[in-house]
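# Coordinate inspection notes
Here is what each chain is made of, one letter per residue.
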Amino acid sequence: AQSVTQPDIHITVSEGASLELRCNYSYGATPYLFWYVQSPGQGLQLLLKYFSGDTLVQGIKGFEAEFKRSQSSFNLRKPSVHWSDAAEYFCAVALWMEDSSYKLIFGSGTRLLVRP
Amino acid sequence: EPEVTQTPSHQVTQMGQEVILRCVPISNHLYFYWYRQILGQKVEFLVSFYNNEISEKSEIFDDQFSVERPDGSNFTLKIRSTKLEDSAMYFCASSQTSLEFFGPGTRLTVL
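What this report covers is the structure whose coordinates are included nearby.

Calculation notes
- Residues numbered from 1 in each chain as written.
- Chains lettered and ligands numbered in written order.
- Predicted model: local features only at pLDDT ≥ 70, side-chain atom pairs only at ≥ 80, totals over all residues.
- Heavy atoms only, no water.
- Buried < 20%, exposed > 50% of the residue type's maximum accessible area, 1.4 Å probe, protein only.
- Helix = DSSP H or I, 4+ residues; strand = E, 2+ residues; numbered from the N terminus.
- Pairing = 2+ DSSP bridges.
- Core = buried A, V, L, I, M, F, W, Y, C linked by side-chain atoms within 4.5 Å.
- Contact = heavy atoms within 4.5 Å.
- Polar contact = N/O pair within 3.5 Å; in protein donor to acceptor, adjacent residues only side chain to side chain.
- Axes fitted to C-alpha atoms, helices over the stretch in contact; angles between N-to-C directions.
- Disulfide = S-S within 2.5 Å.

### Some words on the pairing of strand β3 (residues 19-24) of chain B
Residues and elements named next belong to chain B. The two faces of β3 differ: V19, L21 and C23 on one face are buried, but I20, R22 and V24 on the other face are not. Note that β3 and strand β8 (residues 75-79) share 5 bridges and pair antiparallel. Looking at β8, one finds that V19 is bridged to I79.

Here is the structure:
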């Protein structure tokens with residue numbers, strides 16, 4: 001069955017330090033992969049997506065993610081974290097449906113805390 | 001930039017009452033979705049809607065739930081008789097074909 005695993009429930013980094021959030025997926029075909037961010041009390045904002053092509057994708061707010069098929073991973077990275085990046089981050093894989101749309105299967109999320 | 005909107009932002013109701021959560025999807029989108037996030041848990045798919053009918057629903061989406069697009073702009077989720085375990089954040093989403101835009105969510109609290 002399709003699934004997404006985010007092995008880190010919480011991560012704490014110092015402001016200015018680099019960040020990597022892990023995501024592993026289980027999916028039979030070439031996946032469509034997403035990272036969303038959720039600030040406290042807010043909705044889900046799309047950071048970036050991978051559909052095909054270049055395996056290193058750039059997103060908003062200075063984030064990037066790399067698709068590694070051999071590792072079934074889609075880790076999110078940022079070279080220098082800002083205090084405003086403190087939020088919950090969700091990785092998701094698209095599961096195609098018969099009407100040619102897809103639904104998203106989400107991971108359980110990683111809460112990022114940023115130390116001043 | 002177009003966005004998905006949801007009302008109300010917070011709904012408090014008594015167990016057994018009916019609630020209707022409202023969403024206005026992005027105007028040229030064709031696919032509409034509801035997702036749910038129970039506090040502290042992952043976001044879960046509830047239902048997708050296309051061409052005026054449900055195209056897929058999860059096992060969570062039982063007979064107590066229904067969706068409707070009553071007037072070509074709104075997309076509603078109705079819970080007929082709420083239970084305590086329906087307390088969650090409900091997200092509406094819409095897409096053209098290949099991307100989903102999420103609304104800010106409605107926090108439903110069932111007492």
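### Let's talk about the nonpolar core
Core analysis: the largest hydrophobic core is formed by 28 residues, its most contacted members being L19, W35, L47, L48, F74, L76 and Y89 of chain A. Those elements giving two or more residues to this core turn out to be β2 (10-14), β3 (19-21), β5 (33-38), β6 (45-50), β8 (64-68), β9 (73-78), β10 (87-96) and β12 (110-115) of chain A. Element by element, the count of residues in this core is highest for β10 of chain A, at 5 residues. Grouped together as the second largest cluster of nonpolar side chains are 22 residues, C23, F61, V67 and Y90 of chain B included.

### Structural notes on the side chain of S73 of chain A
Residue and element names in this part refer to chain A. Note that S73 resides in strand β9. According to the relative accessible area criterion, S73 is buried, its value standing at 3%. Beyond its immediate stretch of four places on either side in the chain, S73 contacts C23, N24, Y25, E66, F67 and K68.

### Some remarks on the side chain of D85 of chain A
Residue and element names in this part refer to chain A. Topologically, D85 is positioned in the loop between β9 and β10. In this structure the side chain of D85 is engaged in a polar contact, spanning 2.8 Å, whose partner is the side chain of K78. Sequence-distant contacts of D85, that is, excluding residues within four places in its chain, are made with F63, K78, L112 and V114.

### A few points about the sheet that holds β8 of chain B
All names here are of chain B. Spatial strand order, β1-β3-β8-β7: 4 strands in an open sheet with antiparallel pairing. Each having just a single partner strand, β1 (5-7) and β7 (65-68) make up the two edges of the open sheet. Between one strand and the next, the sheet's axes are offset by a mean angle of 20°, whatever the strand orientation. Alignment of β1 against β3, held across 3 bridges, turns out to be antiparallel. Across the sheet, Q6 pairs through a bridge with C23, a residue of β3.

### Focus: the state of the cysteines
Each disulfide consists of one covalent bond between the sulfur atoms belonging to two cysteines. Residues and elements named next belong to chain A. Taken as a whole, this structure holds 2 disulfides over all chains when the rule is applied. Here C23 is linked by a disulfide to C91, with a sulfur-sulfur distance of 1.9 Å. The disulfide joining C23 to C91 has a torsion of about -65° about its S-S bond and is therefore left-handed. In this pair, C23 is assigned in the loop between β3 and β4 (24-26) and C91 in strand β10, connecting sequence segments 68 residues apart. A relative accessible area of 0% means that C23 is categorised as buried. C91 sits in the buried class, given a relative accessible area of 0%.

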